[in-house]
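Residue-level listing of the chains:
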Amino acid sequence: MDYYRPVAMTDAVRPAGALPLAGGWCWFDRVEVLTRAGVTRAGARGLVAAADLPDAVRARLTAPRPALAGLTLDRPRLMGILNVTPDSFSDGGRFDAPEAALAHARAMVEAGADILDIGGESTRPGSADVEPGEEIRRTAPVIRALVAGGLAAPISIDTRKSEVARAALDAGARIVNDVAALGYDPDLAALVAARAVPVCLMHAQGTPATMQADPRYDDVLLDVYDFLAARIAAAEAAGIPRDRIVVDPGIGFGKTVAHNLALIRGLSLFHGLGCAVLLGASRKRFIGMLAGGAAEGQADRRGPGTIAVTLAGLAQGVQIHRVHDTLETRQALRLWQAATLGEEET
Ligand code: HH2
């Protein structure tokens, strides 16, 4: 099987025949062809002209992605992270009191978050499962209060469990974000289908408890692509249309530093799945390992490295960026857009 990775460009000058990447701000006129053997074909560097792509591949790579919970995806969107947990790796214990959660949620929306992602179970490496009743007690009241307070941004519930998702949707959440790609709880896919809400399918290898113990892949980029393609097919079979699916390579979930970097460098490949792409690299351990210094041991010192990775994703057309530091990231996005695309408004 061949895999097609568009070479994403952002220059203001586009050659004849350039195609829009997923209807967004990037364009491409060449595509790298990858195969399992690790060998590229069709030319010395494995590049083919966009005009020579199979029609179905070209259609998937270029089609604008439909709006997500009312948000158009023709420009980058920020998903602000709100963990109402005692033990998340970066913000654990800071926002588990409802008043603190509400204040932080409002601050993130004011700072430029387009979506709020609320989680009641840490999935950091080594974390243990949380009982659904406890996860509901942590998340549903906060969601209800945010909706009652007139929060404009759609809320996503970061959970693997159908009971938790149901309570969150009843409380006013509008998106489900599942780090297990609907593979943990057999009832979650039917719930997402019945409620007709968008879902984010994220790749993980193993479970949070053990995933960082020697993760291995044949070819991390292609393995993650195939996994997501299979999970999209399973979601479609359960009645969830592709235009309500977001895909995410799952940075840090069963990956070494080298795996994370291969995925980040190859992000544009995932547009071939025909879904919006989400990137969640914020403050993750590989950033500290590469940055060194204080960032190595302290997650809240990984902001600059997170922004660098976010901009790498932006340059490959990634539509949704899941981050802790919404103010800083929004500023970086604005300036990147102004400096690169010449757009002064976002
Ligand atoms: N990462 C985390 C949690 N949920 N969801 C998606 N779609 N993508 C991600 O990369 C992702 C995610 C882990 O980060 P965080 O929520 O900051 O920490 P914790 O799991 O410790 O609560």
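Residues numbered from 1 in each chain as written. Predicted model: local features only at pLDDT ≥ 70, side-chain atom pairs only at ≥ 80, totals over all residues. Heavy atoms only, no water.

(A) Representation of the packing of aromatic side chains within the structure. Counted under the stated rule, the structure contains two aromatic pairs. With centroids separated by 5.6 Å and ring planes inclined at 85°, the aromatic side chains of Tyr-3 and Tyr-225 adopt a geometry described as edge-to-face. One end of the pair, Tyr-3, is in strand β1 (residues 2-6); the other, Tyr-225, is in helix α6 (residues 220-237), and 222 residues separate them in sequence. Pair check on accessibility: Tyr-3 and Tyr-225 agree, each one buried. Cation over ring: Arg-160 sits above Tyr-184, and NZ or CZ is 4.2 Å from the ring centre. (Phe/Tyr/Trp six-rings, centres within 6.5 Å; stacked < 30°, edge-to-face > 60°. Helix = DSSP H or I, 4+ residues; strand = E, 2+ residues; numbered from the N terminus. Buried < 20%, exposed > 50% of the residue type's maximum accessible area, 1.4 Å probe, protein only. Lys NZ or Arg CZ within 6 Å of the ring centre and 35° of its normal.)

(B) Spatial organisation of the nonpolar core. Grouped together as the largest cluster of nonpolar side chains are 62 residues, with contacts concentrated most on Leu-82, Leu-146, Val-176, Ile-240, Ile-245 and Phe-270. Here the element with the most residues in this core is α6; it accounts for eight residues. Once residues lying within four places of it in the same chain are set aside, the contact partners of Leu-146 are Leu-102, Ala-105, Leu-116, Ile-118, Leu-151 and Ile-155. If you look at the next biggest cluster of nonpolar residues, it comprises 18 residues, including Tyr-4, Cys-26, Val-323 and Trp-336. (Core = buried A, V, L, I, M, F, W, Y, C linked by side-chain atoms within 4.5 Å. Contact = heavy atoms within 4.5 Å.)

(C) Seen up close, the pairing of strand β7 (residues 115-119). Counting buried positions over the five residues of β7 gives five, a clear majority of the element. A two-sided burial pattern is seen for β7, the buried positions comprising Ile-115, Asp-117 and Gly-119 on one face and Leu-116 and Ile-118 on the other. Read as a crossover between parallel neighbours, the route from strand β6 (residues 77-83) over helix α2 (residues 98-111) to β7 is right-handed. The pairing of β7 with strand β8 (residues 155-158) spans four bridges and is classified as parallel. When the sheet's bridge partners are listed, Ile-118 is paired in β8 with Ile-157. For the crossover from β7 across helix α3 (residues 132-148) to β8, the handedness is right-handed. (Right-handed = clockwise from strand over helix to strand, strands pointing away. Pairing = 2+ DSSP bridges.)

(D) Quick look at the packing of helix α10 (residues 303-314) against helix α11 (residues 326-341). Relative orientation of the contacting elements α10 and α11 amounts to 40°, with a least axis distance of 10 Å. It follows from the interaxial angle that α10 and α11 lie oblique. Along this stretch, α10 crosses α11, giving a crossing that reads as right-handed. Along its contact with α10, which presents Ile-307, Thr-310, Leu-311 and Leu-314, the element α11 presents Glu-328, Thr-329, Ala-332, Leu-333 and Trp-336. Residue composition of the contact of α10 with α11, by class: six nonpolar, two polar and one charged. (Axes fitted to C-alpha atoms, helices over the stretch in contact; angles between N-to-C directions. Parallel < 35°, antiparallel > 145°, perpendicular 65-115°, else oblique. Left-handed = near helix turned anticlockwise from the far one by under 90°. Nonpolar A, V, L, I, M, F, W, Y, C, P; charged D, E, K, R; others polar.)

(E) Quick peek at the pairing of β8. Residues Ile-155 and Ile-157 point to one face of β8 and Ser-156 and Asp-158 to the other, with burial holding for every one of them. Where β8 and strand β9 (residues 175-178) come together, three bridges link them in parallel fashion. Across the sheet, Ile-157 pairs through a bridge with Val-176, a residue of β9. Regarding topology, helix α4 (residues 162-171) serves as the crossover connection from β8 to the parallel β9, and that connection is right-handed.

(F) Local environment of the site of the ligand. In the vicinity of the ligand, 18 residues are found, and the nearest of them are Ser-88, Ser-122, Thr-123, Asp-248 and Lys-284. One of the side-chain nitrogen or oxygen atoms of Asn-177 is found 2.8 Å away from a nitrogen atom of the ligand. At a separation of 2.6 Å, a nitrogen atom of the ligand approaches a polar side-chain atom of Asp-248. Calculation on the ligand without its partners gives an accessible area of 480 Å², and the protein chains cover 99% of this total. Looking at the shell around the ligand, its residues break down into six nonpolar, seven polar and five charged. (Near = heavy atom within 4 Å. Polar contact = N/O pair within 3.5 Å; in protein donor to acceptor, adjacent residues only side chain to side chain. Areas by Shrake-Rupley, 256 points an atom, 1.4 Å probe, with all protein chains shown as cover.)

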